Every structure is written in structure tokens, then in C-alpha cells.
Amino acid sequence: ARRCVKENKKTLLLCYNRLLGVWFEEQSQDDTLLSSGRYFRFLRNLISESSYAEEYMTEEKKASDEDLFSEILPVFGELAAMEHEDEFDVLVLDEGQDLLNSNILRVLNHLLKGGLSEGRWSIYGDFTNQSIFSSVGENGFQNLDKYTSYYTKELLTINCRNTRQIAEETVL
């Protein structure tokens, strides 16, 4: 994401995890070309800045958590994304194993210049060992294929997030 910003590209960096999202936000708070954080927080902010904000808040108060994340946020998020005038030049997703569901991809498709089929994007994730929602991990690439079948999958063998010392400390 930082490389894209250095290329003067408006970049969206999102993840699923709350703590990682907070860290992303802290690291990018002074950068006007980089929007980053947790996907659902970003989506809620996008909706609150749209003409659908009041209607969304009413529905949010009535909804169960399950309905909020599976129905309310996706519908209002897509409407807000379509209304959003500043598309992003680049999309970077971390924890893609938890974010490649059809509702999320539909929203991201509207936010990225050229959409997922023609736009510039990177998705990173551990689809084998870290999928919180197993159905997303298993079907994530099938969901992505609905937008584009032209992408490269590459196995990353170096763990840049967790050092060997952290891994050894957390072994059960």
C-alpha cells in the first residue's frame, strides 16, 4: 500500500481484524492518499457519509448482529459505494480469507477504479489455516471469479507479520 501511495495512487487498505485495522489506521492517519482500517468500520463510515445515513441508522438499531452483517451493512454499503464519487486507484486486502464473500466483493467492486475486473488490487490471506468463516475461505476465489478470472495466485513462504520468537511463544 505504501508503494502505491508513493506512486501517487489513492489506495484503500482493508482487513477483517479489529486490532490490525486500528494499527492500519494509526499508520496511515497523516496520509491523504491512503484510507485504511477494518472493513466493517470503513463501510459504516462510508454509509454515514452518504445520503443513506439516516435510513441506515434506523435499520441498524432494529437489526440483530447477524442481520446487520449479512443484510443491512451489505445493502446500504453497496448503495453508499455507488454514490461515492472518489474511487480508489488501488485496493489492498489483508485477511482475504475472511473478506472474499459476495457481499463484500460487490461493495469493493464499486469503490475501485475499473472495478475488480479492470482495476489494480492485491489480496493476501491464509485460506488454509486462518479462515474464521470456513465457507468464505473455501468459496472466496469462486466469488472473485464472478468479477474476473484473470489474476495470479502465489504462495508466500515468508511470514512478515509474526517473527519466529512470537510463533515460538504462542505455541500451545
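It should be noted that the structure appears before, not after, this text.
For clarity, every value in this text was computed on a predicted model and none was experimentally measured. (Residues numbered from 1 in each chain as written. Predicted model: local features only at pLDDT ≥ 70, side-chain atom pairs only at ≥ 80, totals over all residues. Heavy atoms only, no water.)

**Comments concerning the packing of helix 5 (residues 65-83) against helix 6 (residues 102-111)**
The contact between helix 5 and helix 6 brings their axes to 8 Å, and the two run at 10°. Looking at the two axes, helix 5 sits roughly parallel to helix 6. Here Ser70, Pro74, Gly77, Glu78, Ala81 and Met82 of helix 5 come into contact with helix 6, specifically with Asn103, Arg106, Val107, His110 and Leu111. Of the residues assigned to the contact of helix 5 with helix 6, the class counts are five nonpolar, four polar and two charged. (Axes fitted to C-alpha atoms, helices over the stretch in contact; angles between N-to-C directions. Helix = DSSP H or I, 4+ residues; strand = E, 2+ residues; numbered from the N terminus. Parallel < 35°, antiparallel > 145°, perpendicular 65-115°, else oblique. Contact = heavy atoms within 4.5 Å. Nonpolar A, V, L, I, M, F, W, Y, C, P; charged D, E, K, R; others polar.)

**Quick look at the pattern of salt bridges**
Side chains carrying opposite charge are able to pair once their charged atoms draw close together. Across all of its chains, the model carries six salt bridges by this definition. A salt bridge links glutamate 60 to arginine 44, with the nearest nitrogen and oxygen atoms 2.8 Å apart. With glutamate 60 in helix 4 (residues 53-62) and arginine 44 in helix 3 (residues 39-48), the pair connects residues that are 16 residues apart, well separated along the chain. The exposure class of glutamate 60 is buried, given its relative accessible area of 18%. The closest approach of N and O atoms between lysine 62 and glutamate 59, which form a salt bridge, is 3.4 Å. Residue lysine 62 and its partner glutamate 59 are located together in helix 4, separated by three residues, close to a single helical turn. On the basis of relative accessibility, which here comes to 60%, the residue lysine 62 falls in the exposed class. (Salt bridge = Lys/Arg side-chain N within 4 Å of Asp/Glu carboxyl O. Buried < 20%, exposed > 50% of the residue type's maximum accessible area, 1.4 Å probe, protein only.)

**Considerations on the packing of aromatic side chains**
Counted under the stated rule, the structure contains six aromatic pairs. The interplanar angle of 75° and the centroid separation of 5.0 Å between the aromatic rings of tyrosine 39 and phenylalanine 40 together place this pair among those described as edge-to-face. Given a relative accessible area of 12%, phenylalanine 40 falls into the buried group. Relative to phenylalanine 76, the ring of tyrosine 56 has its centre 5.7 Å away and its plane inclined at 70°; by these criteria the two rings are edge-to-face. Here tyrosine 56, found in helix 4, pairs with phenylalanine 76, found in helix 5; they are 20 residues apart in sequence, far enough to count as distant. Residue phenylalanine 76 is classed as buried on the basis of its relative accessible area of 6%. An aromatic cluster of three or more residues is present, and its members are Tyr16, Tyr39, Phe40 and Phe69. Cation over ring: lysine 10 sits above phenylalanine 88, and NZ or CZ is 4.8 Å from the ring centre. Stacked on the ring of tyrosine 16, the Lys or Arg arginine 38 has its end atom at 5.7 Å from the ring centre. (Phe/Tyr/Trp six-rings, centres within 6.5 Å; stacked < 30°, edge-to-face > 60°. Lys NZ or Arg CZ within 6 Å of the ring centre and 35° of its normal.)

**Let's talk about the nonpolar core**
Leu12, Tyr39, Leu91, Leu108 and Leu111 are the most contacted members of the largest nonpolar core, which totals 30 residues. For this core, the secondary structure elements donating two or more residues are strand 1 (11-15), helix 3, helix 5, strand 3 (90-93) and helix 6. Setting aside anything within four residues of it in sequence, one finds leucine 91 in contact with Leu12, Leu108, Leu112, Leu116, Arg120, Trp121 and Ser122. The next biggest cluster of nonpolar side chains, apart from the first, holds nine residues, and it includes Val5, Leu13, Phe24 and Val90. (Core = buried A, V, L, I, M, F, W, Y, C linked by side-chain atoms within 4.5 Å.)

**Re the sheet that holds strand 4 (residues 120-123)**
Taken together, four strands build an open sheet; the order of strands is 2-1-3-4 and the sheet is parallel. Either end of the sheet is taken by a strand with one partner, and the two such strands are strand 2 (34-38) and strand 4. For this sheet, the mean inter-axis angle between neighbouring strands, taken without regard to orientation, is 10°. (Pairing = 2+ DSSP bridges.)

**Considerations on the pairing of strand 1**
Where burial is concerned, most of strand 1 is hidden: five out of the five residues are buried. Once you follow strand 1 into helix 2 (residues 18-28) and on to strand 2, the crossover reads as right-handed. Relative to strand 3, strand 1 runs parallel, the two being bridged by four bridges. The partner of threonine 11 across the bridge, within strand 3, is valine 90. (Right-handed = clockwise from strand over helix to strand, strands pointing away.)

Read these as layout, nothing more, since geometry by itself doesn't imply function.
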